[in-house]
Amino acid sequence: MSEEKKIVCPDCNGKKEIEGTCVCDSEWRGSQVGEDWEDCHCTPTIPCPTCNGTGYVDAE
């Protein structure tokens with residue numbers, strides 16, 4: 001019987017998710033929320049597409 005070896009996912013470094021990033025700049029205005037302007041644009045945290053949120057990939 002062969003045992004499958006797993007290695008830490010190279011894209012998320014075993015964290016299971018890829019953190020979102022935020023870019024903030026007061027020189028340009030992003031989106032207006034009510035009376036206020038939102039200066040930051042953020043991407044959401046997503047499950048890692050390489051390891052499907054497990055943190056590990058099969059070694060080949």
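Structural data are supplied above this passage.
Just so you know, these numbers come straight off a predicted model, no measurement behind them.

Cut-offs used in this document
Residues numbered from 1 in each chain as written. Predicted model: local features only at pLDDT ≥ 70, side-chain atom pairs only at ≥ 80, totals over all residues. Heavy atoms only, no water. Helix = DSSP H or I, 4+ residues; strand = E, 2+ residues; numbered from the N terminus. Buried < 20%, exposed > 50% of the residue type's maximum accessible area, 1.4 Å probe, protein only. Contact = heavy atoms within 4.5 Å. Areas by Shrake-Rupley, 256 points an atom, 1.4 Å probe, with all protein chains shown as cover. Core = buried A, V, L, I, M, F, W, Y, C linked by side-chain atoms within 4.5 Å. Disulfide = S-S within 2.5 Å.

Draft legend 1. View of the overall build of the chain. Tallying secondary structure elements over the chain gives zero helices and eight strands in all. Going from the N terminus to the C terminus, the chain shows its helices and strands as β-β-β-β-β-β-β-β. Expressed as a percentage of the 60 residues in the chain, the buried residues total 10%. The contacts of the chain with a sequence gap of at least 6 include a subset with a gap of at least 24, amounting to 62%. Carbon and sulfur atoms make up 49% of the accessible area of the chain, which totals about 5,200 Å².

Draft legend 2. Spotlight on the nonpolar core. In terms of nonpolar packing, the biggest core is built from five residues, these being Cys9, Cys12, Cys48, Cys51 and Val57. Once residues lying within four places of it in the same chain are set aside, the contact partners of Cys51 are Cys9, Cys12, Tyr56 and Val57.

Draft legend 3. Highlighting unusual backbone geometry. A positive phi is found at Lys16, a non-glycine position, where the angle reads about 75°. Following the sequence through the fold, Lys16 ends up in the loop between strand 1 (6–8) and strand 2 (17–18). With phi around 55°, Asn52 is a residue other than glycine that occupies positive phi space. Position of Asn52 among the secondary structure elements: in the loop between strand 7 (46–47) and strand 8 (56–58).

Draft legend 4. Just the state of the cysteines, in detail. Per the stated rule, a full pass over the model turns up two disulfides. Each sulfur of the disulfide joining Cys24 and Cys40 lies 1.9 Å from the other. Linking Cys24 and Cys40, the disulfide has an S-S dihedral of approximately 110° and is accordingly described as right-handed. With a gap of 16 residues between them, Cys24 in strand 3 (residues 22–24) and Cys40 in strand 6 (residues 40–42) connect regions that are remote in the sequence. What makes Cys24 partly exposed here is its relative accessible area of 48%. When the cysteines engaged in disulfides are numbered in sequence order, the chain pairs them as 1-4, 2-3.

Read these as layout, nothing more, since geometry by itself doesn't imply function.
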